[in-house]
Amino acid sequence: MATIQEQWERFYRWGPFALLPLATFLALLIRELMSVAEERAAAALLVTALALQILHAGRKIPGAVYFWTRTVLAFAMSWLNPFFCVYAVLGYFDAQHYLTRRWAMTGAFVTALTMAGAQSGGLPPQSPAQAGGFAGLLVLNSGLIVIFGALADREAERTRVQDETIAELERTNARLEQALAENAGLQAQLLVQAREAGVSDERRRLAAEIHDTIAQGLAGIITQLQAADDSEHVRRATGLARASLREARRSVQDLAPADLEHGTLPEALKKATEGRARFTVTGTVEPLHDELEAALLRIAQEALANAARHAHAERVGVTLSYMDDEVTLDVRDDGRGFALAARPSGGFGLTAMRERAERVAGTLEVESEPGRGTAVSARVPLIRHA
């Protein structure tokens, strides 16, 4: 539905095409008021007015030029025949639309002059009574200009306030959307931090378990072996026990992926895919939170292992994509695939990958069909390394 402003614009453009024929029809009813020369002059002015309206409808002339030209034509036509004032009345409606405030009052007064002359029987007045009527009607029309002008100013002020209110609401909505986006990012970061705290607690528990059980048990075995007879089998058992003890202690010290100790996530993924898959990085590489990098690396390693063990794929592609607010990891192969409906749980490997993604506020999706390969896509929030 068109707005009030759009409806007024339509009237300014097409309204004259209705009023000009109506004025001409009424003027023809009392054409005996005009002489032959006046009829010819009125016809010429009518053709000029029609041409003016066509140019105006095609937006070929400036608004101020159009208004004053039409006002002069309407005054001259009303001088020849009072009924042409029907065309002149347009000046009451669009003076403020086409002119500045000061000139709009002048244009409206010329329109009032034309209307008063037509209403009093035509210009110039032919008798003192007609002159008096003309003066009274001019005062009346001028008063109407002042009244309607005040109403128009009030409406313009109301429109201005409404526009400012709408603009302020739009700015408020924009700030609210920005705040919501910031809150969403903060919520994701807090969720990752909360899960990181849980993972850290679990790591400490595992480290204590390994230290108190496996490591202590291996240390006891080594002590007993050292006290036993010196033989080749004993020496080998001692060596294996010491190696296992070193590995257990290393696990206690660091449960994070070793590939991320001295390199970035893209470097670790490049190393993991070397000779096994084609690796691609898109977007601007960002240093991610440790938990995010570890989760993505483990997911990639598990997906590559699944492709090697089960898919029998000829081609495997790994893509790491950095975007504005998230990072995605896609692992695709052209292997034999499988029916997802037949494996609702997705198998232990897929379940582990999904759980890794969810622990860092991410998601994991799997697409596969028998004979059409498998696609694993992990999405995590982009939270930079603190």
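Note that this is a predicted model, so its numbers are computed, not measured.

(A) Local environment of the packing of helix H1 (residues 4-29) against helix H5 (residues 90-98). One can describe the packing of H1 onto H5 by two numbers: an axis separation of 11 Å at closest approach and a directional angle of 145°. In this structure, H1 meets H5 at a crossing whose hand is left-handed. Across the interface between the two elements, Trp8, Glu9, Phe11, Tyr12, Pro16 and Leu19 of H1 pack against Leu90, Phe93, Asp94, His97 and Tyr98 of H5. When grouped by side-chain class, the residues that make up the contact of H1 with H5 number eight nonpolar, one polar and two charged.

(B) Just helix H10 (residues 290-311), in detail. Taking 1.5 Å of rise per residue, 22 residues should cover 32 Å, and H10 covers 30 Å from first to last C-alpha, within 8% of that figure. Backbone geometry just downstream of H10 places His312 in the positive-phi region, at approximately 55°.

(C) Main features of helix H6 (residues 101-119). A rise of 1.5 Å per residue sets the reference length of H6, with its 19 residues, at 27 Å; its end C-alpha atoms lie 27 Å apart and thus fit the reference within 8%. Along H6, the residues classified as buried are Ala104, Gly107, Ala108, Thr111, Ala112, Thr114, Met115, Ala116, Gly117 and Ala118. Within two residues after H6, Gly121 carries a phi angle of roughly 115°, on the positive side.

(D) View of the packing of helix H3 (residues 63-80) against H5. Viewed as axis vectors pointing N to C, H3 and H5 meet at an angle of 155°, and their least axial separation amounts to 10 Å. Between H3 and H5, the angle falls in the class roughly antiparallel. Crossing angle aside, the handedness with which H3 passes H5 is left-handed. Packed against H3, whose contacting residues are Gly63, Ala64, Tyr66, Phe67 and Arg70, the element H5 presents Leu90, Gly91, Asp94, Ala95 and Tyr98 at the interface. For the contact of H3 with H5, a count of residues per class yields six nonpolar, two polar and two charged.

Reading the values: rules and limits
- Residues numbered from 1 in each chain as written.
- Predicted model: local features only at pLDDT ≥ 70, side-chain atom pairs only at ≥ 80, totals over all residues.
- Heavy atoms only, no water.
- Axes fitted to C-alpha atoms, helices over the stretch in contact; angles between N-to-C directions.
- Helix = DSSP H or I, 4+ residues; strand = E, 2+ residues; numbered from the N terminus.
- Left-handed = near helix turned anticlockwise from the far one by under 90°.
- Contact = heavy atoms within 4.5 Å.
- Nonpolar A, V, L, I, M, F, W, Y, C, P; charged D, E, K, R; others polar.
- Expected span 1.5 Å × (residues − 1).
- Buried < 20%, exposed > 50% of the residue type's maximum accessible area, 1.4 Å probe, protein only.
- Parallel < 35°, antiparallel > 145°, perpendicular 65-115°, else oblique.

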